[in-house]
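# Overview (structure and organization)
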Amino acid sequence: MREASKERKTAETDIRLRLVLDGTGKTEIDTGCGFMDHMLELFAKHGRMDVTIMCKGDTHVDFHHSVEDIGIVLGQAFKEALGDKRGVTRYGSMLLPMDEALLLVSLDLSGRAHLSYDVHGLTPKVGDMDTELVKEFLLAFVRQAECTLHVKQLAGENTHHIIEGVFKALGRALGKAVRIDQTLGGEIPSTKGTL
């Protein structure tokens, strides 16, 4: 089983997380932010990963610390669960329609952290969550997972649809990238011999 369990406790957040890469999309998520719970459930379901996340954060301030720290811990869990990335497909992309919104997410489990985030026209909030926190979550994730991630909005007007498209597409792209490619015979998918 490719899985990882992580805990992180700071003065701002207390997070417990479990990730199973080869799952069925089962989730148990309580971040203290209903919208973020929903996005993470979609992410796991579309990526066919089992995810448990429990976060107690300083939500009386706002959701910034919780959302960013969840990105950190989730990225650490992906890195640990993937190990040396032997046999993984490595690349994953998804062009995902969500009603009027159209999102492209493409990633590489390269070992190099990079985020290109081209999402625009969002309202300042969805529910109680600041929409700028989506980028903060993704930045935290890619830095810890050490992957290259491109997120590009090709169309969209409704903020909820756009962000939902991002998380669904991210789940599907990651699901493809972490999948074991039987044709590799267990090799690391890089001419360098390491990722």
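To keep things clear, this report deals only with the structure shown in the data block. A quick note: this is a predicted structure, and the numbers were derived from the prediction, not measured. (Residues numbered from 1 in each chain as written. Predicted model: local features only at pLDDT ≥ 70, side-chain atom pairs only at ≥ 80, totals over all residues. Heavy atoms only, no water.)

With respect to the secondary-structure elements, threonine 24 resides in the loop between strand 2 (13–20) and strand 3 (27–30). Considered as a pair, threonine 24 and histidine 46 are 22 residues apart in the sequence and their alpha carbons are 9.2 Å apart. Once you skip the residues sitting within four places of it in the chain, threonine 24 turns out to touch Arg48 and Asp50. (Helix = DSSP H or I, 4+ residues; strand = E, 2+ residues; numbered from the N terminus. Contact = heavy atoms within 4.5 Å.)

Another point: the nonpolar core. Ranked by size, the top nonpolar core spans 62 residues in total, and within it Phe78 and Leu138 carry the most contacts. The leading source of residues in this core is helix 4 (residues 159–178), at ten residues. With residues up to four places along the chain from it excluded, the contact list for phenylalanine 78 reads Leu19, Leu21, Phe43, Met49, Phe141, Ala145, Leu174 and Val178. (Core = buried A, V, L, I, M, F, W, Y, C linked by side-chain atoms within 4.5 Å. Buried < 20%, exposed > 50% of the residue type's maximum accessible area, 1.4 Å probe, protein only.)

Okay, the sheet that holds strand 1 (residues 3–9) next. Spatially, four strands are ordered 1-2-4-3 in an open sheet, and the strand pairing comes out mixed. Of all the strands in the sheet, the pair left with one neighbour each is strand 1 and strand 3. Pairs of neighbouring strands in the sheet enclose a mean axial angle of 5 degrees, with direction left out of account. Where strand 2 lies against strand 4 (residues 50–57), eight bridges are found, and the strand directions are antiparallel. Note on strand 4: the bridge partner recorded for arginine 18 is threonine 52. (Pairing = 2+ DSSP bridges. Axes fitted to C-alpha atoms, helices over the stretch in contact; angles between N-to-C directions.)

The next thing to look at is the packing of aromatic side chains. All told, the structure shown has three aromatic pairs when counted by the stated rule. Consider the rings of phenylalanine 43 and phenylalanine 78, whose centres lie 6.4 Å apart with planes at 65 degrees: the pair is edge-to-face. Taken together, the residues span a long stretch of sequence, with phenylalanine 43 in helix 1 (residues 34–47) and phenylalanine 78 in helix 2 (residues 64–82) at a distance of 35 residues. Classification of phenylalanine 78 as buried rests on a relative accessible area of 2%. Taking the centre distance of 5.5 Å and the plane angle of 35 degrees together, the rings of phenylalanine 137 and phenylalanine 167 count as tilted. Pair noted here: phenylalanine 137 is in helix 3 (residues 133–145) and phenylalanine 167 is in helix 4, with a separation of 30 residues, a long-range link. Residue classification places phenylalanine 167 among the buried positions, given a relative accessible area of 1%. Here the aromatic cluster, defined as three or more aromatic residues joined through ring pairs, consists of Phe43, Phe78 and Phe141. (Phe/Tyr/Trp six-rings, centres within 6.5 Å; stacked < 30°, edge-to-face > 60°.)

Looking now at the pattern of salt bridges. Counted under the stated rule, the structure contains eleven salt bridges. As a salt-bridge pair, lysine 9 and aspartate 14 come within 4.0 Å of each other at their nearest N and O atoms. Residue class for lysine 9 comes out exposed when judged on its relative accessible area of 66%. Glutamate 164 is the salt-bridge partner of lysine 168, the closest N and O atoms lying 2.9 Å from each other. Of this pair, lysine 168 and glutamate 164 both sit in helix 4, separated by four residues, roughly a single helical turn. (Salt bridge = Lys/Arg side-chain N within 4 Å of Asp/Glu carboxyl O.)

Let us look at the sheet that holds strand 5 (residues 91–98). Spatially, 5-6-10-7 is the arrangement adopted by the four strands of the open sheet, whose pairing is mixed. Two strands bound the open sheet, and with one partner strand each, they are strand 5 and strand 7 (114–118). On average, each strand axis in the sheet is inclined to that of its neighbour by 10 degrees, with strand direction left out of account. Across eight bridges, the pairing between strand 5 and strand 6 (residues 101–108) is antiparallel. When the sheet's bridge partners are listed, leucine 95 is paired in strand 6 with leucine 104. Together, strand 7 and strand 10 (148–155) form the strand contacts of helix 3, whose direction differs from that of strand 7 by roughly 160 degrees. Helix 4 rests against strand 5, strand 6 and strand 10 of the sheet, and its axis sits at about 150 degrees to strand 5.

This brings us to the pairing of strand 2. Two faces make up the sheet, and in a regular strand the side chains alternate between them. Summarising the sheet, strand 1 and strand 2 pair through seven bridges and their orientation is antiparallel. Across the sheet, residue glutamate 7 finds its bridge partner in strand 2, namely arginine 16. Hairpin connection of strand 1 to strand 2: three residues between the antiparallel strands.

So far we have only geometry, and geometry alone does not tell us how the molecule works.
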